[in-house]
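Structure assessment
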Amino acid sequence: MAPKPLEFLARLKSELPALGDCLDDLGSLYERKLWHQLTLRLEEVFQDTSFRRGNALIRLYTGFITDFASKLNLLKLAQMAVTVSELHEDAPSALVFLEGVLEKLKGMRHVKTEEPIAFVRMHIAQQKLRNGEVDECRVLIDEGKEALEGLADVDPTVHAAYHLVCSLYHKHRREFAEFYRSALMYLAYKSSESLPEERKLSLAVDISFSALLADDVYNFGELLLHPIINVLDTSQYKWLHELLEVFNQGDMHTYEEMCVKYASVLNEQPALVENERKLKEKLTIMCLLELIFSLPAEERRIPLKVIGERTKLSLDGVEFLLMRALSLHLIEGTIDQVDGYVQVSWVQPRVLTRPEMQGLLDHLDAWISKVKAVNLSLEQETVGVVEV
């Protein structure tokens, strides 16, 4: 009598003859107990769109894979289970399915269950968030963080699952800065090229808006250098990429031009309209930081008048701007109101875009030229000096 998994494959093959060759491969590997090869073949199956039609993949998991689940790589098993959960019609049924998978993983007597358990838990947290169980999601996130901190050599997919659910949680709560950092961490473990195009665009838009609206994000270099930002250029959000560039450069003049050029588009973005004053303040601070950063370290005694011209602020406005930048720890220095100068001793480090790197290279070349000039001058002054 054939084992139940083989009987199941035979029934599925009769119902879906187009998948017959693939199902035969799975049955052959199962009979020979080639668990590693079977895992690899199953990964291919889960990428095959043919199995996504109807409920074939769900049935394959419940009727075939669960019979020998403990024989497989458990993290791979967890990843397959998550894929199956995404094919359920609604969030509650997906949640029930994942909770069942979690209990089975906990019951397995296996030395390496921590990573798959953490992976499944983070996807359970996602489903709870979709169900409106925000507090329960937060609890699972905290537990996930603690679990990951106690593990070494964690698979990137587990880290990605953790940072993804963190980003979704912060997005739900409109915590822009936290979402921005979590989303970038997610992309550090998950290649944007592996994301579906619609998901890639949605994420690029969300990260861009969060960078603009976050209270403590004053450098967009890391985002502007990431490949995901380029997806905006081939969409209706090309203007958003331009806006990020303008903010990163602290370019007040170009910003005002963009406000005129894209007035209708910008007015259709409630988040930008509601935070117009905050955005203008951030741009002004970025303008100050860009002015300071563009100057050599030994030439950062800047007239308040120059700052006013660059930022289009009155003298009182410049002083308030400097105090604001000092309070945010974006710069360090002293303001001389009598002589009308600010002496900047430190400016917050930033991730440089390619044009900014070129500017830094130009500064370095100028410094090298000065050193060479001083060296040549010293050589000329010591001509004729007799060594004792």
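Scroll up to find the structure.
Okay, so let's go over this structure. Owing to the predicted nature of the structure, the values given are computational and were not obtained by experimental measurement. (Residues numbered from 1 in each chain as written. Predicted model: local features only at pLDDT ≥ 70, side-chain atom pairs only at ≥ 80, totals over all residues. Heavy atoms only, no water.)

1. Thoughts on the sheet that holds strand E3 (residues 341-347)
What links the strands of a sheet is backbone hydrogen bonding, and the strands pair in either a parallel or an antiparallel sense. The sheet built from 3 strands is open, its strands ordered E1-E3-E2 with antiparallel pairing. Whereas interior strands pair on both sides, the edge strands pair on one side only; in this sheet they are strand E1 (301-303) and strand E2 (331-336). Going from strand to strand, the sheet's axes swing by 25 degrees on average, the running direction of each strand aside. Running over the sheet, helix H19 (residues 315-327) touches E2 and E3 and is turned about 150 degrees from E2. (Pairing = 2+ DSSP bridges. Helix = DSSP H or I, 4+ residues; strand = E, 2+ residues; numbered from the N terminus. Axes fitted to C-alpha atoms, helices over the stretch in contact; angles between N-to-C directions. Contact = heavy atoms within 4.5 Å.)

2. Let's talk about the side chain of Thr 113
For Thr 113, the location among the structural elements is in the loop between helix H6 (91-107) and helix H7 (114-130). Residue classification places Thr 113 among the buried positions, given a relative accessible area of 12%. Look past the residues within four positions of Thr 113 in its chain and what remains in contact with it is Leu 74, Leu 105 and Met 108. (Buried < 20%, exposed > 50% of the residue type's maximum accessible area, 1.4 Å probe, protein only.)

3. Some words on the packing of aromatic side chains
All chains considered together, the criterion is met by 9 aromatic pairs. One aromatic cluster is present, built from ring pairs that chain together Tyr 30, Trp 35, Phe 64 and Phe 68. Between the NZ or CZ atom of Lys 282 and the centre of the ring of Tyr 218, over which it lies, the distance is 5.4 Å. Against the face of Tyr 341 rests Arg 301, its NZ or CZ located 4.0 Å from the ring centre. (Phe/Tyr/Trp six-rings, centres within 6.5 Å; stacked < 30°, edge-to-face > 60°. Lys NZ or Arg CZ within 6 Å of the ring centre and 35° of its normal.)

4. Quick word on helix H18 (residues 304-311)
Helical geometry: 3.6 residues make up each α-helical turn, so side chains three or four residues apart lie on a common side. Burial in H18 covers these residues: Leu 304, Ile 307, Gly 308 and Thr 311. Projected down its long axis, H18 shows its buried positions confined to an angular sector of 100 degrees, all on one face. Residues of H18 that are exposed and point more than 90 degrees away from the buried face comprise Lys 305 and Glu 309. For H18, the elements touching its buried residues are helix H14 (252-261), helix H17 (276-293), E1, H19 and E3. (Arc of directions from axis to C-beta.)

5. A short note on the packing of helix H3 (residues 35-47) against helix H5 (residues 74-85)
Packing of H3 against H5 brings their axes to within 11 Å, and their N-to-C directions diverge by 20 degrees. It follows that H3 is roughly parallel to H5 by the angle criterion. Seen along the crossing, H3 lies across H5 with a hand that is left-handed. Judged by residue contacts, Thr 39, Leu 42, Glu 43 and Phe 46 of H3 engage Lys 76, Met 80, Thr 83 and Val 84 from H5. Across the contact of H3 with H5, the residue classes break down as 4 nonpolar, 2 polar and 2 charged. (Parallel < 35°, antiparallel > 145°, perpendicular 65-115°, else oblique. Left-handed = near helix turned anticlockwise from the far one by under 90°. Nonpolar A, V, L, I, M, F, W, Y, C, P; charged D, E, K, R; others polar.)

6. Quick look at the environment of Ser 182
With respect to the helices and strands, the residue Ser 182 is situated in helix H10 (residues 176-189). Exposure remark for Ser 182: the relative accessible area of 10% places this residue in the buried category. Remark: the alpha-carbon pair of Ser 182 and Val 165, spanning 17 residues in sequence, is separated by 8.7 Å. Those residues in contact with Ser 182 that sit more than four places away from it in its chain are His 163, Cys 166, Ser 167 and His 170.

7. Overview of H10
For H10, built from 14 residues, the straight-helix expectation of 20 Å at 1.5 Å per residue is met to within 8% by its first-to-last C-alpha distance of 20 Å. On its buried face, H10 is in contact with helix H9 (156-172), helix H11 (197-213) and helix H12 (221-224). (Expected span 1.5 Å × (residues − 1).)

8. Structural notes on the nonpolar core
Leu 42, Leu 60 and Phe 64 are the most contacted members of the largest nonpolar core, which has 60 residues in total. Among residues more than four places away in sequence, those in contact with Leu 60 are Phe 8, Leu 9, Leu 12, Leu 23, Leu 26, Leu 42, Val 45, Phe 51 and Ile 65. (Core = buried A, V, L, I, M, F, W, Y, C linked by side-chain atoms within 4.5 Å.)

9. Quick look at the pattern of salt bridges
With the rule as written, the count across this model stands at 18 salt bridges. A salt bridge links Arg 41 to Glu 44; the nearest nitrogen and oxygen atoms lie 2.9 Å apart. Linking Arg 41 with Glu 44, this pair stays in helix H3, spanning 3 residues, or about one helical turn. For the salt bridge of Glu 193 with Lys 200, the shortest nitrogen-to-oxygen distance reads 3.8 Å. Overall, Glu 193 belongs to the exposed group, its relative accessible area being 57%. Residues joined in a network through salt bridges with shared partners are Asp 25, Arg 41 and Glu 44. (Salt bridge = Lys/Arg side-chain N within 4 Å of Asp/Glu carboxyl O.)

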